[in-house]
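An overview of the molecular structure
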Amino acid sequence: MIDSRFSIGSIETTPKAVEEIDAVEEKHLSCGIECVDNFLSGGLVPGQIVVIAGDSGIGKTTWLLQFLEAYEINGVSTAFASNEESLQQLKAKCDRLELKKIKISHIVSVYTILKLIETNQVVVIDSLQGVMIPDEKGSIDKKVLNLITEKAKLFNTSVVLISHATKAGKEKGNSSIGHQVDTRIIVNHGSDAFFMER
């Protein structure tokens, strides 16, 4: 029997000829911050999976809180799920940045995150390595990412995951993660602050 927690709904699997498939114009979700929209080639695409990795303390969480606030101001429903900081710590950051519209939560279980993906257009998860699957141990980053990706594609929700980086600037965890996502953004100190791979 298939565990219902892993069910992502009914998806048609019968192959179709290319000429029989309706074309869908790729739409971008603009956050309204010109430099960010330009960096993302017009904004996030529904169903897009983005991983942001970088040095500890460089400001990834702070930047993404402001990113979601901009989306909320433009009428896009968002959620920020953190397993790194408490609600009180996040509120203190939001108060300092004068952010009032975003929705924040402290979540560890992947199944609770999947529910957020069902009900929002953009979800930020801080961090990938902190997401847990109940009763499972060991390296589960790849499995967590698979579950999140399947749900995001089904509900056309854009998901941004913060990923820890080592002192050498590489992502921690499973080395294949970068190949499972649509976009990787590497944030480093120095002149080349942002580097993006698609």
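Since we're looking at a predicted model, the values are computed, not measured. Think of each chain on its own: its residues are numbered from 1, step by step along the sequence as written. Only residues with pLDDT of 70 or above have their local features reported here, since the model is predicted, and side-chain atom pairs are shown and tallied only from 80 upward, although totals for entire chains, interfaces and linings are computed over all residues. The side-chain numbers reported here are obtained from all heavy atoms of the structure, hydrogens and water having been left aside.

With respect to helix α2 (residues 60–73)
A run of DSSP states H or I qualifies as a helix once it reaches four residues; a run of E qualifies as a strand once it reaches two. Both are numbered from the N-terminal end. Multiply 1.5 Å by the residue count of a helix minus one, and that product is the helix's expected span. Over its 14 residues, α2 runs 20 Å from end to end, which matches the ideal 20 Å to within 8%, given 1.5 Å per residue. Where burial is concerned, most of α2 is hidden: 10 out of the 14 residues are buried. Exposed residues in this analysis have more than 50% of their type's maximum accessible area, buried residues have under 20%, and partly exposed residues fall in between, with area computed by a 1.4 Å probe over protein chains only. Within the sequence span of α2, burial applies to Lys60, Thr61, Leu64, Leu65, Phe67, Leu68, Glu69, Ala70, Tyr71 and Glu72.

Details of the packing of helix α4 (residues 110–119) against helix α5 (residues 141–155)
Note on geometry: axes are lines fitted to C-alpha atoms, helical ones only across the stretch in contact, with angles between N-to-C directions running from 0 to 180 degrees. It is at 9 Å that the axes of α4 and α5 come closest, and there the two elements cross at 15 degrees. Here α4 is positioned roughly parallel relative to α5, judged by the angle of their axes. For the element pair α4 and α5, the recorded crossing hand is right-handed. Across the interface between the two elements, Val110, Leu114, Ile117 and Glu118 of α4 pack against Val144, Leu147, Ile148, Lys151, Ala152 and Phe155 of α5. Oblique is the label for any angle not under 35 degrees, not over 145, and not in the 65 to 115 range, which are roughly parallel, roughly antiparallel and roughly perpendicular in turn. Two helices crossing with the near one rotated counterclockwise from the far one by less than a right angle form a left-handed crossing, whereas a clockwise rotation gives a right-handed crossing. In what follows, a contact means two residues having at least one pair of non-hydrogen atoms within 4.5 Å.

What to know about the state of the cysteines
Cysteine pairs can be covalently joined through their sulfur atoms, and such a bond is termed a disulfide. Disulfides are defined in this document as cysteine sulfur pairs within 2.5 Å. The final tally for this structure, using the stated rule, is zero disulfides. Cys31 forms no disulfide, and the closest cysteine sulfur to it belongs to Cys35, at a distance of 7.8 Å. Residue class for Cys31 comes out buried when judged on its relative accessible area of 1%.

Observations regarding empty space enclosed by the protein
Definitions used for this entry: grid spacing 1 Å over protein atoms alone; cavity, a set of points where a 1.4 Å probe fits but cannot get out; pocket, an open set with protein on both sides within 12 Å along at least 5 of 7 lines; lining residue, one with an atom within 4 Å of a point. Grid points are joined across faces, edges and corners, and a volume is the space filled by probe spheres set on the points. Evaluation of the coordinates by the stated rule reveals one cavity of 30 Å³ or more. Approximately 50 Å³ is the volume found for the largest cavity. Together, Leu40, Leu44, Val50, Ile52, Trp63, Leu64, Phe67, Val160 and Ile185 line the largest cavity. Among the secondary structure elements, those contributing two or more residues to the lining of the largest cavity are β1 (49–54) and α2. Side-chain classes are defined by residue name, with Ala, Val, Leu, Ile, Met, Phe, Trp, Tyr, Cys and Pro counting as nonpolar, Asp, Glu, Lys and Arg as charged, and the others, Gly among them, as polar. The class makeup of the residues in the lining of the largest cavity is nine nonpolar, no polar and no charged.

Overview of the environment of Thr183
With respect to the secondary-structure elements, Thr183 resides in strand β6 (residues 183–187). Using a relative accessible area of 1% as the deciding quantity, one classes Thr183 as buried. Placed 143 residues apart in sequence, Thr183 and Leu40 show a C-alpha to C-alpha distance of 9.4 Å. A polar contact of 2.9 Å, which involves the side chain of Thr183, links it to the side chain of Gln48. We define a polar contact as two N or O atoms separated by no more than 3.5 Å, with the added condition that, inside protein, one atom must be a possible hydrogen donor and the other a possible acceptor, whereas residues neighbouring each other in sequence contribute only through side-chain atom pairs.

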